[in-house]
Amino acid sequence: MTPSGRTEDTTYLEQIHLNDKSIYFNRMQNMPANYYHWHQCAEILSVSRGVGIALMEHQQYTVKPGRLFIFPPGKLHKVFVEQDERNVYHRTTLHFNPVLLEPWLRDFPRQHMLLRQLCGRGEKARVFDVGDLQPVIETLLQRF
């Protein structure tokens, strides 16, 4: 149910199959994206190549390398990249159930609160510019 008490509209649901200990990790290259969807879990999207737009919560954001998006569970969003030989889209997505991480963070109150603020159901989607850290992030994602 949504915070307003309504049942969530499953029309745009892109179901991610997670077990109780998993993170769904996917590095995608040269794969376009152009549809509205939401997940039952949280999504972190890291863009390493390509330029486009992301639409969420009635706002438009530029998709570009060095940009990190966090979509809490249930947040409708769309990423559109007009891909061609000059604009190749590479991205990494991590899908996970934030509720399963909470017990591991109980002894770390600041990190626990941050997880809730970024990934709690009903929270707003977030966009971060991490261009200065992009080489480090890419190295971590390649090794993950």
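Parameters at a glance
- Residues numbered from 1 in each chain as written.
- Predicted model: local features only at pLDDT ≥ 70, side-chain atom pairs only at ≥ 80, totals over all residues.
- Heavy atoms only, no water.
- Pairing = 2+ DSSP bridges.
- Helix = DSSP H or I, 4+ residues; strand = E, 2+ residues; numbered from the N terminus.
- 1 Å grid on protein atoms, 1.4 Å probe; cavity = no way out; pocket = protein on both sides within 12 Å on 5 of 7 lines; lining within 4 Å.
- Points joined across faces, edges and corners; volume = space filled by probe spheres on them.
- Buried < 20%, exposed > 50% of the residue type's maximum accessible area, 1.4 Å probe, protein only.
- Axes fitted to C-alpha atoms, helices over the stretch in contact; angles between N-to-C directions.
- Contact = heavy atoms within 4.5 Å.
- Disulfide = S-S within 2.5 Å.
- UniProt positions renumbered as here; feature names shortened; annotations may be inferred.

## Considerations on the sheet that holds strand 2 (residues 36-37)
What the four strands build is an open sheet, ordered 2-7-4-5; its pairing is antiparallel. Where the open sheet ends on each side, the last strands, each with one partner, are strand 2 and strand 5 (59-63). Relative to strand 7 (residues 77-80), strand 4 (residues 52-56) runs antiparallel, the two being bridged by four bridges. Counterpart to Met56 in the pairing with strand 7 is His77.

## Focus on the layout of surface pockets
Rolled over the atoms, a probe as big as a water molecule pinpoints where empty space is left. By volume, the second largest pocket is sized at about 320 Å³. Taken together, Ile23, Ile44, Ser46, Leu68, Ile70, Leu94, Phe96, Ile137, Leu140, Leu141 and Phe144 make up the full set of residues lining the second largest pocket. Every element with two or more residues in the lining of the second largest pocket is listed here: strand 3 (42-49), strand 6 (67-71), strand 8 (90-96) and helix 3 (134-143). At three residues, helix 3 tops the list of elements feeding residues into the lining of the second largest pocket.

## Brief notes about the environment of Gly122
Within the secondary structure layout, Gly122 lies in the loop between helix 2 (109-119) and strand 9 (126-129). With 20 residues separating them in the primary sequence, Gly122 and Glu102 have C-alpha atoms 16 Å apart.

## What about the pairing of strand 8?
Successive residues of a regular strand alternate their side chains across the two faces of the sheet. Along strand 8, seven of the seven residues are buried, which leaves the element largely enclosed by surrounding structure. Of the two faces of strand 8, the one holding His90, Thr92, Leu94 and Phe96 and the one holding Arg91, Thr93 and His95 are both buried throughout. The pairing of strand 1 (residues 24-29) with strand 8 spans six bridges and is classified as antiparallel. Bridged to Met28 within strand 8 is Arg91. Relative to strand 8, strand 3 runs antiparallel, the two sharing seven bridges. By the bridge assignment, Glu43 is partnered in strand 8 with His95.

## Concerning the sheet that holds strand 8
Within a sheet, each strand pairs with its neighbour through backbone hydrogen bonds, oriented either parallel or antiparallel. Spatially, 1-8-3-6-9 is the arrangement adopted by the five strands of the open sheet, whose pairing is antiparallel. Of all the strands in the sheet, the pair left with one neighbour each is strand 1 and strand 9. When strand polarity is set aside, the average angle formed by the axes of neighbouring strands in this sheet is 15 degrees. Helix-sheet contacts for helix 2 involve strand 3, strand 6, strand 8 and strand 9, and the interaxial angle to strand 9 is about 110 degrees. Where helix 3 meets the sheet, its contacts fall on strand 1, strand 3 and strand 8, and the angle it forms with strand 3 comes to roughly 115 degrees.

## Overview of the pairing of strand 7
Note: strand 2 against strand 7, two bridges, orientation antiparallel. Residue pairing for strand 7: Tyr36 is matched across the bridge by Lys78.

## With respect to the state of the cysteines
Under the counting rule described, the total for this entry stands at zero disulfides. Free of any disulfide, Cys41 has its nearest neighbouring cysteine sulfur in Cys119, separated by 10 Å.

## A look at the UniProt feature "domain: AraC-type arabinose-binding/dimerisation" (unreviewed entry) in the protein
The UniProt feature table records "domain: AraC-type arabinose-binding/dimerisation" (unreviewed entry) at residues 36-113. Span residues 36-113 is 17% helix and 46% strand, its end C-alpha atoms 29 Å apart.

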